[in-house]
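# Per-entry structural report
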Amino acid sequence: MDTEQDSYMTEETLIETVENQIADGEPRKVKETLMRLVMTGTPREEAIQWMACALAIEVSDVMQNNASFNQARYAQHLDALPNLDWMED
């Protein structure tokens, strides 16, 4: 990871971004995912950390491949939570 990518990939930055997405209601899938996870017994802090992992995959792809943010794939990863097996790919 280069220095520019490191600054985008800090846990604090990713969590802040997820929190902002929840507050803004965009994308809607983020707030829905948080509600689903919390309603099934996941502590809010842990749910946010998992969601930040899903976001990290997209940010990494954008930075490494000069790609566009893939909303559909981000949504798929959010839907898969709390299963984190997809992170091994």
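The coordinates are above.
Here's a quick rundown of the structure. (Residues numbered from 1 in each chain as written. Predicted model: local features only at pLDDT ≥ 70, side-chain atom pairs only at ≥ 80, totals over all residues. Heavy atoms only, no water.)

### Concerning the overall build of the protein chain
- Assigned secondary structure in the protein chain consists of 5 helices and 0 strands.
- Counting every position in the protein chain, which comprises 89 residues, the buried fraction comes to 34%.
- Partitioning the intrachain contacts of the protein chain with sequence separation of at least 6 by distance along the chain shows that 59% fall at a separation of at least 24.
- Carbon together with sulfur atoms contributes 49% to the accessible area of the protein chain, which is approximately 5,600 Å² in total. (Helix = DSSP H or I, 4+ residues; strand = E, 2+ residues; numbered from the N terminus. Buried < 20%, exposed > 50% of the residue type's maximum accessible area, 1.4 Å probe, protein only. Contact = heavy atoms within 4.5 Å. Areas by Shrake-Rupley, 256 points an atom, 1.4 Å probe, with all protein chains shown as cover.)

### Observations regarding helix α2 (residues 11-24)
- A rise of 1.5 Å per residue sets the reference length of α2, with its 14 residues, at 20 Å; its end C-alpha atoms lie 20 Å apart and thus fit the reference within 8%.
- Directly beyond the C-terminal end of α2, a positive phi value near 75° is found at G25. (Expected span 1.5 Å × (residues − 1).)

### Quick notes on the packing of aromatic side chains
- On inspection of all chains with the given rule, the structure shows 1 aromatic pair.
- Centre to centre, the rings of F69 and Y74 are 5.4 Å apart; their planes meet at 80°, and the pair counts as edge-to-face. (Phe/Tyr/Trp six-rings, centres within 6.5 Å; stacked < 30°, edge-to-face > 60°.)

Shape descriptors only; they carry no functional weight alone.
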